[in-house]
Amino acid sequence: MHIGLLTGGGDCPGLNAVIRAVTLALLEAGVSRVTGIERGFLGLIERRAQPLDEPRVRDLLAEGGTVLGTHNRADPFHYFGAGGADVSGDALAFAQSLGLDLLVAIGGDGTMTIAERFGRLGLPVIGVPKTIDNDIVGNERSFGFDSAVAVVADALNRLQTTARSHGRVMLLETMGRHAGWIALEGGIAGGADAILIPERGFTLEQLATHCERRIAAQGYALVCLAEGMQLPELPRQLQGDAFDGRLTLAGAGLPLQAALQARWGAAIEVRYSLLGHLQRGGAPSSFDRVLSTRFGVAAARAVLAGERQRMVALRGDRIVSVPLDEVAGVSRPVPADHELLAVASAVGQLPG
């Protein structure tokens, strides 16, 4: 067998650990060739690939990013480099010229959507879920998420000391366009006084009153907000992305900072910090190294078992596989009845 492997979408801690686990497990099982496609689906379009063997992957477990490179805009079915044209035929022809029997695609919902379409064109696919947003349907926890939450918690702990020293309200913005998992878990872990996520509405009055109570009790307030949080009183001037026109949501904390500062004037100082891509960088946590390895081995076993058009997924304490067509194009927001929301509410972290 000849297996291709690519990493698509944004980078995150644990990608290299998955590359390592898939490659080693396949080679140990007797698969003759594993080839890495460079920069995600862009490599299929631009015909860029490299061989993967034991010396190449053995030491990748703790290394951040992806040695194959990635790209979060290179959709062969709507390729920006060709004015939005469908170049999937060329990409498929390159995969066939390599003699690939199957493609292992590591990525988020966009990658799974593209992979599912290639499966329907005749290129067998096994997917591995990757997103620090933790929002892939059918999968309870993605690698990279634990590492991102640790960054958020550490940032909140650092901001807390300066907030307390100066009597400030500190706003920390995390990633999370449509799902607030990072802000929710990071806010709980970092002891935020208020957590704001896209799935749970609130008003400026509710947040301000919540912060004022915390200031009265402890002299400061710490707010953890997801970039996709919704506040009806503060409509944002969103701009389309230069590549594909998707709305850029980062910067949600700026109008919130201005609104709170206008309310309190000189009485309370409001400061804002944007974590941005710091959440994606660095080495994976120990948890993510183990989870990445489990996902990689599960993907290799799915390949060897003859599974096709499936995605490996964590359910409870087991790795299973789910149909790709159930995952493609769907995201997993925080459910209104999720235990973590009840936990955050019980300790006074949710305004409203």
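Each chain has its residues counted from 1, following the order in which its sequence is written. Whole-chain, interface and lining totals are the exception, using all residues; otherwise, since this is a predicted model, local features are given only for residues with pLDDT of at least 70 and side-chain atom pairs are given and counted only at 80 or more. By convention in this description, side-chain values take in all heavy atoms of the structure and omit both hydrogens and water.

1. Let's talk about the overall build of the protein
Next, step 1: Runs of H or I in DSSP of at least four residues are treated as helices and runs of E of at least two as strands, each being numbered from the N terminus. What the protein contains, in helices and strands, is 11 helices and 13 strands.
Next, step 2: Atoms counted for the radius of gyration: C-alpha only. Globule rule: 2.2 Å times the number of residues to the power 0.38. Over its C-alpha trace the protein gives a radius of gyration of 22 Å, about what one expects of a compact globule, namely 20 Å for 352 residues.
Next, step 3: For the protein, the C-alpha atoms occupy an extent of roughly 70 × 40 × 35 Å along the three principal directions.
Next, step 4: Residue burial is assigned from relative accessible area. The probe radius is 1.4 Å, only protein chains are included, and a residue is buried under 20% of its type maximum, exposed over 50%, and partly exposed in between. Residue burial in the protein is summarised as follows: out of 352 residues, 54% are buried.
Next, step 5: Two residues form a contact once any of their heavy atoms are found within 4.5 Å. Within the protein, residue pairs in contact and separated by at least 24 positions form 72% of the contacts whose partners lie at least 6 positions apart.
Next, step 6: Here Asp and Glu are counted as negative and Lys and Arg as positive; His is not counted, and neither are the chain ends. In this description, the location of a charge corresponds to atom NZ of lysine, CZ of arginine, CG of aspartate or CD of glutamate. On the protein, the mean spot of the 32 positive side-chain charges and the mean spot of the 37 negative ones are 2 Å from each other.

2. Regarding the sheet that holds strand β8 (residues 221-226)
Next, step 1: What the 4 strands build is an open sheet, ordered β7-β8-β6-β11; its pairing is parallel. Either end of the sheet is taken by a strand with one partner, and the two such strands are β7 (194-196) and β11 (270-274). Each neighbouring strand pair of the sheet contributes to a mean axis angle of 20°, computed without reference to strand direction.
Next, step 2: Where β7 lies against β8, 3 bridges are found, and the strand directions are parallel. By the bridge assignment for β8, L196 is matched with L225.
Next, step 3: A fitted line through C-alpha atoms represents every axis, and for helices the fit uses only the stretch in contact; the resulting angles, taken between N-to-C directions, go from 0 to 180 degrees. Along the sheet, helix α8 (residues 204-218) contacts β6 (169-174), β7 and β8; its crossing angle with β8, the most-contacted strand, is approximately 145°. By this definition, two strands are paired if DSSP reports at least two bridges between them.

3. Observations concerning the nonpolar core
Next, step 1: Grouped together as the largest cluster of nonpolar side chains are 60 residues, with contacts concentrated most on I19, L26, V104, I106, V128, F143 and L184.
Next, step 2: Residue contributions to this core peak at 8 residues, all from helix α6 (residues 145-166).
Next, step 3: V128 has contacts with V18, V104, A105, I106, G107, M112, F143, F295, A299, M311 and V312, leaving out every residue within four places of it along the chain. We define the nonpolar core as a collection of buried residues of types Ala, Val, Leu, Ile, Met, Phe, Trp, Tyr and Cys that are connected through side-chain atoms lying within 4.5 Å of one another.

4. Regarding the environment of D325
Next, step 1: Assignment of secondary structure puts D325 in the loop between β13 (318-323) and α11 (339-346).
Next, step 2: Owing to a relative accessible area of 55%, D325 belongs among the exposed residues under this scheme.
Next, step 3: Along the chain, D325 and L103 lie 222 residues apart, while their C-alpha atoms are 16 Å from each other.

Read these as geometric descriptors, not functional statements.
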